[in-house]
Amino acid sequence: MEIRAPLDWANKYPILIAGPCSAESEEQVLQTAQALQNTGIDLYRAGIWKPRTRPGSFEGIGKIGLPWLRRVRNELGMPVCTEVAKAQHVDDVLAHQIDVLWVGARTTANPFSVDDLATALSGVDIPILIKNPTNPDYKLWLGAIERFYRAGIRHIAVIHRGFSSYHHAIYRNVPMWQIPLELKRHFPNLKIICDHSHICGRRDLLLSTAQYAMDLLFDGLMTEVHPSPDQAWSDARQQITPKTYQTMIDALVLRADHFNNHPASEAILKIRASIDQLDEQILHLIDTRMDLSEKIGQLKKQENLSIFQPARWDNMIKKAIRLGKEKQLSEQFVRQLLDAIHLESIEHQSKVMNQQSQTTEQKSD
Ligand code: PEP
Ligand code: MN
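Here's the deal with the pairing of strand E8 (residues 220-224)
The two faces of a sheet get side chains in turn, since along a regular strand they alternate between them.
In step 1: Counting buried positions along E8 yields five of five residues, so the element is predominantly enclosed.
In step 2: Neither face of E8 is exposed, since Gly-220, Met-222 and Glu-224 on one face and Leu-221 and Thr-223 on the opposite face are all buried.
In step 3: Pairing analysis gives five bridges linking strand E1 (residues 15-19) to E8, with the strands arranged parallel. Bridged to Ile-17 within E8 is Met-222.
In step 4: Alignment of strand E7 (residues 191-195) against E8, held across three bridges, turns out to be parallel. Note on E8: the bridge partner recorded for Ile-193 is Gly-220.

Considering a nonpolar patch on the surface
In step 1: On the surface, a nonpolar cluster with roughly 230 Å² of combined accessible area is contributed by Tyr-13, Leu-217 and Leu-254.
In step 2: Structurally, Leu-217 can be placed in the loop between helix H9 (206-215) and E8.
In step 3: Judged by relative accessible area, Leu-217 falls into the partly exposed class, the value being 31%.

Describing the pattern of salt bridges
In step 1: Counted under the stated rule, the structure contains 17 salt bridges.
In step 2: A salt bridge links Glu-331 to Arg-335; the shortest N-O distance between them is 3.6 Å. Linking Glu-331 with Arg-335, this pair stays in helix H13 (residues 331-364), spanning four residues, or about one helical turn.
In step 3: Look at Glu-331 and you get partly exposed, because its relative accessible area is 37%.
In step 4: Taking relative accessible area as the criterion, Arg-335 reaches 38% and is therefore assigned partly exposed.
In step 5: One network of salt bridges, in which partners are shared, links Glu-26, Arg-71 and Glu-75.

Some points on the site of ligand 1
In step 1: Near ligand 1 you find Cys-21, Arg-45, Lys-50, Glu-83, Trp-102, Gly-104, Ala-105, Arg-106, Lys-131, Arg-161, His-198 and Glu-224, and these make up its full shell.
In step 2: Within the side chain of Lys-50, an N or O atom sits 2.7 Å from an oxygen atom of ligand 1.
In step 3: Out of a free accessible area of 300 Å², ligand 1 has 97% covered by protein chains.
In step 4: Grouping the constituent residues of the shell around ligand 1 by class yields three nonpolar, two polar and seven charged.

Overview of the sheet that holds E8
The strands making up a sheet are joined through hydrogen bonds of the backbone, oriented either antiparallel or parallel.
In step 1: Strand order around the closed barrel formed by eight strands is E1-E2-E3-E4-E5-E6-E7-E8, with parallel pairing between neighbours. In this sheet, neighbouring strand axes are inclined to one another by 25° on average, regardless of whether the strands run parallel or antiparallel.
In step 2: Summarising the sheet, E1 and strand E2 (residues 43-45) pair through two bridges and their orientation is parallel. Looking across to E2, one finds that Ile-17 is bridged to Leu-43.
In step 3: Sheet contacts for helix H2 (residues 66-76): E2 and strand E3 (80-83); angle to E3, the most-contacted strand, approximately 155°.

Quick look at the nonpolar core
In step 1: Ranked by internal contacts, the top residues of the largest apolar core, which has 67 residues, are Tyr-44, Phe-148, Ile-156, Leu-183 and Tyr-245.
In step 2: Counting residues per element, this core draws most heavily on helix H6 (residues 138-150), at seven residues.
In step 3: Once residues within four sequence positions are removed from consideration, Phe-148 is found in contact with Val-103, Val-114, Leu-117, Ala-118, Leu-121, Ile-128, Ile-130, Ile-153 and Ile-156.
In step 4: Counting residues in each nonpolar core, the second largest holds 13 residues, with Trp-9, Ile-15, Cys-81 and Trp-102 among its members.

Some remarks on the domain arrangement of the protein
In step 1: Segmenting the protein into domains produces domain 1 (15-251) and domain 2 (265-360).
In step 2: Using only C-alpha atoms to locate each centre, domain 1 and domain 2 end up separated by 41 Å.

What to know about the environment of Leu-117
In step 1: By the secondary structure assignment, Leu-117 is in helix H5 (residues 111-121).
In step 2: Leu-117 gets classed as buried once you look at its relative accessible area, which sits at 0%.
In step 3: With 14 residues separating them in the primary sequence, Leu-117 and Val-103 have C-alpha atoms 9.0 Å apart.
In step 4: The contacts of Leu-117, once residues within four sequence positions are left out, are Val-84, Ala-85, Lys-86, Ala-87, Val-90, Val-103, Thr-107 and Phe-148.

Looking at helix H10 (residues 242-251)
In step 1: Residues of H10 that are buried: Pro-242, Tyr-245, Met-248 and Ile-249. An end-on view of H10 places all buried positions within 115° of arc, on one side of the element. Exposed residues on H10 whose side chains face more than 90 degrees from its buried face are Lys-243, Thr-247 and Asp-250.

Calculation criteria
- Residues numbered from 1 in each chain as written.
- Chains lettered and ligands numbered in written order.
- Predicted model: local features only at pLDDT ≥ 70, side-chain atom pairs only at ≥ 80, totals over all residues.
- Heavy atoms only, no water.
- Buried < 20%, exposed > 50% of the residue type's maximum accessible area, 1.4 Å probe, protein only.
- Helix = DSSP H or I, 4+ residues; strand = E, 2+ residues; numbered from the N terminus.
- Pairing = 2+ DSSP bridges.
- Patch = residues over 30% accessible without salt bridge, like charges linked within 9 Å, V, L, I, M, F, W, Y side chains within 5 Å.
- Areas by Shrake-Rupley, 256 points an atom, 1.4 Å probe, with all protein chains shown as cover.
- Salt bridge = Lys/Arg side-chain N within 4 Å of Asp/Glu carboxyl O.
- Near = heavy atom within 4 Å.
- Polar contact = N/O pair within 3.5 Å; in protein donor to acceptor, adjacent residues only side chain to side chain.
- Nonpolar A, V, L, I, M, F, W, Y, C, P; charged D, E, K, R; others polar.
- Axes fitted to C-alpha atoms, helices over the stretch in contact; angles between N-to-C directions.
- Contact = heavy atoms within 4.5 Å.
- Core = buried A, V, L, I, M, F, W, Y, C linked by side-chain atoms within 4.5 Å.
- Domains from an automatic or database assignment.
- Arc of directions from axis to C-beta.

Structural data, given as structure tokens:
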């Protein structure tokens, strides 16, 4: 796919998108845009149609808000974007010269809706920003990109806004950073913007999450900004004032993705070589461990024991977490690591057991 960056973002870093969660009044839309004018943002955002999880909350001002966005564009010279979820939204937005569209997380999750939007947009080369689907499904996100691409849209960027979960102690939407990083690995030219407002769901985490995204080489940020955040009609807890936004952007440390002739690079390369060696050793160790799993699988088969032994597993995991704590490894990491090793071990044992029974079955045929 030959995806191109929207607007003039090809060499812009970081790309900054900001504005209120929802357009509420003409005054609020213009006041926020004016306050953001000198912060150097590249695109002004405001939701006109709001996909709310439950009915009864504010569902957007509707198309009467589109001329307000057009005023921002024409009077303040800022490109503007809003969310579209239906073909009718596309028609309305195109009639009001909106510069960029975004596709919300709930829409990306539904291929029928994506197809409807793609059809409504075919032949129109307007840039679109595709948010990740609400569920952590890499292929569904990729599928939405492909559907728009097939409709002839070339100016595409994506927005990582985290993934829904039943309950998470910290984030409103769990970031699962590995999913957008996988997209970047496959499409190095695709611009990936981090919507830290919807990931965090609360103000106090916005800066650290934005910095984390910058450290992972995200191309930019989308941030919800409101003149009186506590009074916002939607997503009040995650919005910040234009002044706080400016302070946050000024505090960001930007990183480079390559070494210049920096004195640290030699040292980094040396450490990387040692890390590569260790990673290899880890894989060798795991291989040896799986040999043992297969041996134990054979014995369990002979003694007619189940592969999974709950008490043994409980013991192993507790011991590993204790050891991990001593070594400053987080419980979450130790659990994930042990889970992965345990699952692989079960696979190996199951193969040994079933191979034997398959051979027996074949023999008895
Ligand atoms: C939004 O950007 O205001 C929004 C509704 O986002 P999402 O689709 O990520 O929930
Ligand atoms: Mn919002």
